Amino acid sequence: MVDKPNAAELKEYTAAADAWFKENTVRDPGFMLPLTFMEVSTDQQFDFLREWQRKVYEAGYLGASWPKEYGGGGLHSDYQRAATRAMKKYDAPIMLNAIGNGWAGPLILDLGTEEQKHKYIKGMLNAEDIWCQGFSEPENGSDLGNAQLKAVKDGDDYVLNGSKIWTSLGDRAKYMILLARTDFEAENKYKGLSFFLNPMKIDGITTSRIKKLTGEYGFVQTFFTDARIAGDCLFGGEGNGWSMAMKTLEYERGAKVKPVGGFFVKELDVMEIVELAKNSMRNGKPLLDDPVMRDKMTQYMIDIQALNLNNTRRRMPQLMQDKPMGLPLMNKLARTELIRELTEFSLGFQGSKAGYYVGDENAIDDGYWHRSYLNSFSATIGGGTSEIQRNIVAEHALGLPKTR
Amino acid sequence: MDNLGNIGTTEEQIELMDVATNFCRDKSPVDKVRGLLEDELGYDPAIWQEIGELGWLAIAIPEAHDGVGLSMAEVVPIAEQMGRNLMSTPFGSTTLAAQTLLAGGSEAQQAAWLPKLAAGTAATLALREDNGDWDLANVDAKGVESGGTVTLSGKKQLVLWADSAELIIVSFKLDDAVRFALVERAAVGDGALRREAIIDETARSYELTLDGITLSADALLDASRTRETLEKIELAAGLIHSAEMTGGAQAVLDYTLEYLKTRKQFGKIIGSYQALKHPTVNNYVEYEKARTHLYSAAHSWGEQGRGEVAVRMAAAQAHSSYATAADRAIQFHGGFGFTHDCDAQLHRRKAILAGALIGDAAYQRSKLAGLLFD
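(A) The arrangement of the domain arrangement of chain B in detail. Residue and element names in this part refer to chain B. Domain assignment breaks chain B into domain 1 (11–121), domain 2 (125–222) and domain 3 (227–373). A C-alpha centroid distance of 21 Å is found between domain 1 and domain 3. Contacts between the two partners involve 20 residues from domain 1 and, on the opposite side, 23 residues from domain 3. Among the elements that take part in the side of domain 1 that touches domain 3, helix α4 (residues 72–84) stands out by supplying ten residues, more than any other. Grouping the amino acids of the side of domain 1 that touches domain 3 by side-chain chemistry returns ten nonpolar, eight polar and two charged.

In structure tokens, the structure reads:
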């Protein structure tokens with residue numbers, strides 16, 4: 001644990017971070033930058049973001065509060081928070097290595113061995129080692145606990161057979177956090193699962209790109225055919241895969257391990273939507289003179305303001321006494337659904353120009369809004385669909401019985 | 001957009017939240033609430049006295065007038081818990097009357113009345129009229145000044161707790177300008193108050209006939225501060241009713257959850273059916289948003305510009321989330337939900353009255369749009 005920061009040092013660090021991001025942030029590299037780590041489709045985008053992450057890390061503004069001995073900065077979390085604020089202020093690009101830094105990293109720091117920490121942490125921070133996630137399968141999406149990819153012990157090794165799907169960065173990753181079935185006779189489906197830190201660049205693992213609804217690429221299906229991995233890839237012990245997978249979800253809420261910093265998904269700037277509305281016309285008049293559009297836009301402002309303030313309220317225990325799990329668990333559901341609705345709403349501003357798409361010179365904002373709307377489903381479906389999120393909130397925050 | 005507020009609490013707010021949570025729960029169990037539905041007075045005088053003794057009516061009154069010297073922010077947790085437990089008293093109307101005096105009363109008027117209100121003398125506002133307009137400046141009641149007295153005429157509606165109030169602050173037009181006057185209960189004849197049948201059976205409301213009421217000119221509030229008085233009333237009423245509605249939304253959700261966890265149909269606890277659990281989660285999300293807005297409004301209340309945006313957001317979200325949660329509570333209780341015995345109707349009706357008093361969610365949004373976009 002690091003003690004409370006020295007105020008003068010923190011101030012100095014904050015000023016330096018601000019200056020660094022002001023100086024170094026490239027917002028328009030001449031091609032479209034991904035809004036989320038799930039949207040990286042071209043080599044150009046990938047190379048740019050990988051280089052950007054490396055640069056931020058080397059400047060000391062990523063993983064600043066992770067332990068120094070494994071590659072972090074060893075500072076109090078207020079430092080990293082200041083750096084992340086500067087990134088947001090200058091509208092910096094996303095951090096590419098989301099699964100590594102956001103999920104695998106905290107898990108390894110929390111429960112991994114010394115050897116694992118030394119082996120994996122630095123490489124994920126400097127984006128040398130890209131990580132991906134192998135949870136969903138073609139036949140097991142929302143019913144993740146039923147995952148069937150086989151991991152059969154053979155001597156000291158495990159031999160993998162099966163397939164994972166919706167693997168963001170799967171064709172570029174060096175490692176995958178993998179949920180696989182080691183015991184087909186377990187007393188229930190969850191207990192048969194184990195968790196692996198799985199190498200991707202080995203014989204028997206192939207990937208096949210999947211074209212998204214946007215027309216872009218960004219994720220793959222991963223096939224395992226007698227792929228052989230070492231026994232020490234197992235993480236958390238055999239039969240503990242489900243609890244390891246669920247644990248990764250906790251890090252999103254920043255429970256034990258300090259957040260790595262930066263962001264993997266660009267937050268929608270609502271003021272841009274208000275601007276778009278203000279610049280749009282309807283029947284020869286400004287769009288926001290239309291009472292229906294005014295009312296809807298106002299409701300969205302109320303929603304956005306509530307969700308933004310919820311993030312502050314979550315850190316105020318005095319306003320979190322009743323149903324303390326409510327706000328943390330509902331956040332993904334409320335935020336992703338709102339973004340989907342808002343981006344869909346923004347298409348209606350555009351009148352006939354809503355018909356254009358990315359690539360046409362007549363498209364408003366280069367098709368940004370269409371792309372944002374179509375991509376918004378990655379968040380309402382991925383990481384547990386909104387329908388599953390409602391079950392989670394109902395069961396874990398409101399105490400309703402399980403749906404079976 | 002720099003008129004969006006933040007969220008924060010004060011130590012006093014949190015202490016009052018703890019005290020009010022226990023007090024309102026203990027003193028206002030639902031059988032007591034139901035016992036008062038047909039009571040003429042509509043509340044338990046002993047509880048009203050305790051509220052006075054706790055100093056809750058003095059919270060937002062300055063120390064110079066025997067108040068505690070805090071603000072409406074500290075009234076919020078109390079009103080929230082009262083709404084949560086359907087504890088209906090002249091607390092809100094008396095608090096609003098005090099805020100009105102602070103905004104538009106002379107030093108002498110404040111000195112005469114604020115110490116009394118702080119100590120537990122009930123008061124109320126007479127603002128609404130037959131035109132049903134939520135615009136507080138749209139009034140038809142009239143005052144005619146002559147020889148140092150003002151004679152009133154016209155009718156005021158939805159005057160809450162008027163029968164209990166020793167002071168009624170009335171709005172009317174004098175020479176085409178909106179004015180307020182302090183009318184003492186003693187100046188109101190017995191025939192001038194008619195008990196109204198209102199949608200919320202836990203509250204009491206009266207129509208006030210002004211014809212024949214004559215006041216001395218020093219009963220008028222300051223003409224030069226009418227505008228800020230109107231604004232203060234809107235914001236204070238918005239805040240206090242938002243608090244009550246947010247507390248009510250919490251209660252009606254908990255009430256519904258309790259039923260969903262115990263009622264069985266087709267051999268299963270009905271809360272396991274997604275047709276019921278998913279909309280309940282949606283309503284819960286809306287309630288949490290309302291509570292976040294409420295404490296943002298309490299925090300931003302005194303800030304120029306931000307205060308009004310925050311209060312109207314809180315009022316819009318509180319009204320829509322309370323109304324929806326109570327509406328679904330009726331539906332999800334099935335046949336029992338259709339009965340008077342089911343508490344869902346108490347909340348559904350209360351939400352309608354609150355919207356009628358301060359302007360419903362759509363009205364709040366229309367006012368907000370002007371603040372946000374124009």
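(B) How the structure looks around the nonpolar core. In terms of nonpolar packing, the biggest core is built from 140 residues, with Ile168, Val170 and Leu239 of chain B touching the most fellow members. Ranked by the residues each element gives to this core, the list is headed by helix α7 (residues 226–262) of chain B, at 16 residues. Aside from chain neighbours lying at most four places away, what touches isoleucine 168 of chain B is Thr124, Ala126, Val159, Ala162, Val183, Arg185 and Leu208 of chain B. Core analysis: the next-biggest nonpolar cluster, separate from the first, contains 76 residues, Trp52, Ala127, Trp131 and Leu193 of chain A among them.

(C) View of the domain arrangement of chain A. Residue and element names in this part refer to chain A. Taken domain by domain, chain A holds domain 1 (7–125), domain 2 (131–252) and domain 3 (270–397). When each unit is reduced to the centre of its C-alpha atoms, the spacing between domain 1 and domain 2 is 25 Å. If you look at the interface, domain 1 gives 16 residues, while domain 2 gives 17 residues. Ranked by residues supplied to the side of domain 1 that touches domain 2, first place goes to helix α4 (residues 98–111) with eight residues. Class assignment of the residues belonging to the side of domain 1 that touches domain 2 gives a composition of eleven nonpolar, four polar and one charged.

(D) Region of interest: the interface of chain A and chain B. Taken residue by residue, the interface counts 33 residues in chain A and 34 residues in chain B. Ranked by residues supplied to the side of chain A that touches chain B, first place goes to helix α8 (residues 291–313) of chain A with 13 residues. In terms of residue class, the side of chain A that touches chain B is built from 17 nonpolar, nine polar and seven charged.

(E) The arrangement of the packing of α7 of chain B against helix α9 (residues 306–332) of chain B in detail. Residue and element names in this part refer to chain B. Interhelical geometry of α7 versus α9 gives an angle of 30° and a closest axis separation of 8 Å. Considering the angle they form, α7 stands roughly parallel to α9. For the pair α7 and α9, the sense of crossing is left-handed. Across the contact of α7 with α9, the residue classes tally to 18 nonpolar, nine polar and three charged.

(F) Layout of the environment of threonine 121 of chain B. All names here are of chain B. Assignment of secondary structure puts threonine 121 in the loop between α6 (107–119) and β1 (123–126). For threonine 121, a count of 19 C-beta atoms within 10 Å puts it in the partly exposed group. For the pair threonine 121 and serine 164, spaced 43 residues apart in sequence, the C-alpha to C-alpha distance is 8.9 Å. Here threonine 121 is in contact with Lys116 and Glu166, once residues within four sequence places are set aside.

(G) Main features of the sheet that holds strand β8 (residues 205–209) of chain B. Residues and elements named next belong to chain B. Strand order in the open sheet formed by three strands is β4-β8-β7, with antiparallel pairing between adjacent strands. Edge positions in the sheet fall to β4 (155–160) and β7 (193–195), since each has one partner strand and no second. Put simply, the sheet's adjacent strands are angled 25° from each other on average, direction ignored. Of the strand pairs in this sheet, β4 and β8 are connected by four bridges, and their pairing is antiparallel.

(H) Spatial organisation of the packing of α7 of chain B against helix α8 (residues 274–300) of chain B. All names here are of chain B. Here α7 crosses α8 at 155°, and the two axes come no closer than 10 Å. Considered as vectors, α7 and α8 are oriented roughly antiparallel to each other. Between α7 and α8 lies a crossing of left-handed hand. Of the residues in α8, those in contact with Leu239, Ser242, Ala243, Thr246, Ala249, Gln250, Leu253, Thr256 and Leu260 of α7 are Leu276, Thr280, Asn283, Tyr284, Tyr287, Ala290, Arg291, Leu294, Ala297 and Ala298.

Definitions and limits used
Along each chain, numbering runs from 1 in the same order as the chain's sequence is written. A letter from A marks each chain and a number from 1 marks each ligand, given out in the order of writing. With pLDDT at 70 or above as the cut-off, local features in this predicted model cover only qualifying residues; side-chain atom pairs require 80 or more to be listed or tallied, and sums for whole chains, interfaces and linings still use all residues. Residue ranges labeled as domains rest on an automatic or database domain assignment. Placing C-beta atoms from the backbone, we regard two residues as in contact once those atoms come within 7 Å. For helices the rule is a DSSP run of H or I covering at least 4 residues; for strands it is a run of E covering at least 2, with both sets numbered from the N terminus onward. All amino acids are sorted into three groups, where Ala, Val, Leu, Ile, Met, Phe, Trp, Tyr, Cys and Pro are nonpolar, Asp, Glu, Lys and Arg are charged, and the leftover types, Gly among them, are polar. To count as a nonpolar core, a set of buried Ala, Val, Leu, Ile, Met, Phe, Trp, Tyr and Cys residues must be joined through C-beta atoms within 7 Å. Exposure in this text rests on C-beta crowding, where 20 or more other C-beta atoms within 10 Å of a residue's own make it buried, 12 or fewer make it exposed, and counts in between make it partly exposed. The C-beta atoms are placed from the backbone. Note on method: axes are straight lines fitted to C-alpha atoms, helices fitted across the in-contact stretch only, with angles between N-to-C directions ranging 0 to 180 degrees. Put simply, angles under 35 degrees are roughly parallel, angles over 145 are roughly antiparallel, angles from 65 to 115 are roughly perpendicular, and the rest are oblique. Two helices cross in a left-handed way if the nearer one is turned anticlockwise from the farther one by less than a right angle. They cross in a right-handed way if the turn is clockwise. Pairing between two strands is assigned when DSSP locates at least 2 bridges connecting them.

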